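Report on the structure
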Amino acid sequence: MPNLLFIIMTLLWLSLYVYIPYQVTYLSSINVNTSMIGVIIGVYGAAQMFLKFPFGLLNDYIGKCRSLIILAGFLTSLGGLIRLLNTNQYGFFIGGILCGISASIWTVFMVLYASYFNKNEEYKATSKALVASVLGMFIAFLIAAISYNKLGMKFILLVSTVSGALVSVLGLFLKDTKHSKKMSFNNLFSVIKNKRLIVFSLLAVVMQGVQMSAVISFTLNRIKELGGTDNNVGMASIISMFFAIVGAFVPSKIKNENNIKKYIPISFIIMALYCIIVISVNNVFIVMASQVLGGFSSGILASLLTSESVKEIDIDKKSSAMGFFQSTYSLGIFIFPIITGKLIDLYSISFAYIVLAVIAFLSSAISISYYITNK
């Protein structure tokens, strides 16, 4: 079962992200303004912001992981189909909402996957689940880079539609783990009182926000504006996703949990330096190379912040806690691209990325402060 679910998780993120590397450049090419592009990127996060916690609560209450996983695949496939039939800003807007709802169910995938492991292997399970997600993105970006120039956006959207459908089909063969006695919603809601969960959820807002607005969106458009080709954009996407896989894999090898207290603040500093490098150079290849830093910092933070946030949560409330964590960080996916797009429109990409860098530096300081005061 864990191997099958790993494949399903990989396919889900392939479906959700295969069009992402060229979404900004494509929408720009059909004269959609930067602010609207920010909104289109942001609605994907808005859906998750409002729905991940409810889906987590629902899963803890009914224990029907398989049904929700099948629903996620269907919604992703439908989102791809709508974009395929309407390759304009409205199709991408509606598709983004549907895919955002699908991504809201991701917490269910992670909780079911973790249930296949022992309690003391929690970091390993979380790390592997996140490797599946970034592996799906990596394969998606690879397909996009190879096919966009020759076959165009419609082919990429077809890939999204088909891979989403495969998630639903393969989901039929999954088995739910035994569900314990139903808990009241009031009891499940109590997870939001956990200080650790709140702190690391807020830090994840920054991690997801910088990744979505910079690493896999406006940095790619900057490469294009600096004279880069579509192949350069594709390669930059692949670089970021490959090193995100490397970053997500690192926590599974951490033997001493105390090292996590160092990795998280250092990773935020790397993320801040990435933002500064992107706007400090006008060389396409240096900007492409900087994607190593953006991808690695995003990958390791995604894995570590997830594990740290639910460390103190009972197994019966895991989906609720994970749902709260992911709903909270979806605020970053929603608001950061909109704000970044607006700052680029009003000022410049340099100003926007300086703001992102400052926020990342502050996040590093907050994580250090938390560990010092909670020894």
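Please read these numbers as outputs of a predicted model, since none were measured by experiment.

Some details on a nonpolar patch on the surface
Nonpolar side chains collect at one region of the surface, where Ile269, Leu273, Ile276 and Phe361 lie side by side and expose about 300 Å² of accessible area between them. Sort the elements by how many residues they give to the nonpolar patch and helix H11 (residues 260–280) lands first, with 3 residues. Among the structural elements, Leu273 can be located in helix H11. A residue is classified by how much of its surface remains accessible, and Leu273, at 41% relative accessible area, is partly exposed.

Side note on the pattern of salt bridges
A full pass over the atoms with the stated rule returns 2 salt bridges. Residue Glu308 pairs with Arg196 through a salt bridge whose shortest N-O separation is 3.0 Å. Taken together, the residues Glu308 in helix H12 (residues 284–309) and Arg196 in helix H9 (residues 195–225) connect sequence positions 112 residues apart. As far as the burial class goes, Glu308 and Arg196 line up, both buried. The salt bridge partner of Lys224 is Asp230, with a shortest N-O separation of 2.6 Å. Among the residues examined, Lys224 registers a relative accessible area of 32% and is labelled partly exposed. Residue classification places Asp230 among the buried positions, given a relative accessible area of 17%.

Observations regarding helix H5 (residues 89–103)
Every α-helix carries 3.6 residues per turn, so stepping three or four residues along brings you back to the same face. Under the 1.5 Å per step criterion, the end-to-end length of H5 is 20 Å for 15 residues, consistent within 8% with the ideal 21 Å. Restricting attention to buried positions, one finds in H5 the residues Gly91, Phe92, Gly95, Gly96, Leu98, Cys99, Gly100, Ser102 and Ala103. Its side-chain oxygen at 3.0 Å from the backbone nitrogen of Tyr90, Asn88 defines the N-terminal cap of H5.

Some remarks on the confidence of the model for the protein chain
Taken as a whole, the protein chain shows an average pLDDT of 85; of its residues, 92% reach a score of 70 or greater. By mean pLDDT, the top-scoring element of the protein chain is helix H14 (residues 349–373) (93), and the lowest-scoring one is helix H8 (residues 185–189) (58).

Digging into the packing of aromatic side chains
Think of a pair of aromatic rings as described by two things: how far the centres are apart, and how the planes are tilted against each other in angle. If you walk through the whole model with that rule in mind, you get 14 aromatic pairs. Pairing Phe138 with Phe242 gives two aromatic rings, centres 6.0 Å apart and planes at 55°, and the pair type is tilted. Placement of the pair is Phe138 in helix H7 (residues 122–171) and Phe242 in helix H10 (residues 230–249), with a sequence separation of 104 residues. Considering the side-chain rings of Phe325 and Tyr329, the 5.3 Å spacing of their centres and the 90° angle between planes classify their relative orientation as edge-to-face. Here Tyr329 and Phe325 lie together in helix H13 (residues 318–346), a separation of 4 residues that amounts to about one turn. Residue classification places Phe325 among the buried residues on the basis of a relative accessible area of 0%.

Parameters at a glance
Residues numbered from 1 in each chain as written. Predicted model: local features only at pLDDT ≥ 70, side-chain atom pairs only at ≥ 80, totals over all residues. Heavy atoms only, no water. Patch = residues over 30% accessible without salt bridge, like charges linked within 9 Å, V, L, I, M, F, W, Y side chains within 5 Å. Areas by Shrake-Rupley, 256 points an atom, 1.4 Å probe, with all protein chains shown as cover. Salt bridge = Lys/Arg side-chain N within 4 Å of Asp/Glu carboxyl O. Helix = DSSP H or I, 4+ residues; strand = E, 2+ residues; numbered from the N terminus. Buried < 20%, exposed > 50% of the residue type's maximum accessible area, 1.4 Å probe, protein only. Expected span 1.5 Å × (residues − 1). Polar contact = N/O pair within 3.5 Å; in protein donor to acceptor, adjacent residues only side chain to side chain. pLDDT = per-residue confidence, 0-100. Phe/Tyr/Trp six-rings, centres within 6.5 Å; stacked < 30°, edge-to-face > 60°.

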